[in-house]
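Residue strings, one per chain:
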Amino acid sequence: QVQLVESGGGLVQPGGSLRLSCAASGSIFSMTAMGWYRQVLEKQRELVATMLSGGSTNYADSVIGRFTISRDNAKNTVYLQMNSLKPEDTAVYYCHALLGFHNYWGQGTQVTVSA
């Protein structure tokens, strides 16, 4: 069983930055992939960024050049650095881990971008 705990969400003005953290209960080195998704109420959860075990990354078109996913294997933590935030980035952000064929999710952290 893998537990994921997100932190770092909050309220930020347009153009600002936030860094989300996802602490895993186990070694992230063994994860097939880890990433971030977001969801706005009543809409489908969407991919924001993922990182495969080999280090390759994939981003949603809407965040390319603004968001960066990274990881610290020693701390079993994955990060999402979010710069140049826009109101449309407002959502609940969820950490995701894929271990083999098993999917694990964090509880989510709210990000609100508003003046």
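Given the structure is predicted, the values throughout are model-derived calculations rather than measurements.

The rules behind each value
Residues numbered from 1 in each chain as written. Predicted model: local features only at pLDDT ≥ 70, side-chain atom pairs only at ≥ 80, totals over all residues. Heavy atoms only, no water. 1 Å grid on protein atoms, 1.4 Å probe; cavity = no way out; pocket = protein on both sides within 12 Å on 5 of 7 lines; lining within 4 Å. Points joined across faces, edges and corners; volume = space filled by probe spheres on them. Helix = DSSP H or I, 4+ residues; strand = E, 2+ residues; numbered from the N terminus. Nonpolar A, V, L, I, M, F, W, Y, C, P; charged D, E, K, R; others polar. Phe/Tyr/Trp six-rings, centres within 6.5 Å; stacked < 30°, edge-to-face > 60°. Buried < 20%, exposed > 50% of the residue type's maximum accessible area, 1.4 Å probe, protein only. Lys NZ or Arg CZ within 6 Å of the ring centre and 35° of its normal.

Observations concerning empty space enclosed by the protein
Part 1: Summed over the entire model, instances satisfying the criterion amount to 1 cavity of 30 Å³ or more.
Part 2: In this structure, the largest cavity occupies an estimated 50 Å³ of space.
Part 3: Considering the residues around the largest cavity, the lining is formed by Ile28, Met31, Thr32, Ala33, Met34, Met51, Leu52, Ser53, Arg71 and Val78.
Part 4: When contributions to the lining of the largest cavity are tallied by element, the ones reaching two or more residues are β4 (33-39) and β5 (46-52).
Part 5: For the lining of the largest cavity, a count of residues per class yields 7 nonpolar, 2 polar and 1 charged.

Some points on the packing of aromatic side chains
Part 1: Enumeration over the complete set of coordinates arrives at 1 aromatic pair.
Part 2: Geometrically, the ring pair formed by Tyr37 and Trp105 is edge-to-face, given 5.1 Å between the ring centres and 70° between the ring planes. With Tyr37 in strand β4 and Trp105 in strand β10 (residues 102-105), this pair connects stretches of sequence that are 68 residues apart.
Part 3: Assessed through its relative accessible area of 37%, Trp105 is described here as partly exposed.
Part 4: Over the ring of Tyr94 we find Arg45; its NZ or CZ atom is 3.7 Å from the centre of that ring.
Part 5: Geometry around Trp105 places Arg45 over its ring, the cationic atom sitting 4.6 Å from the centre.

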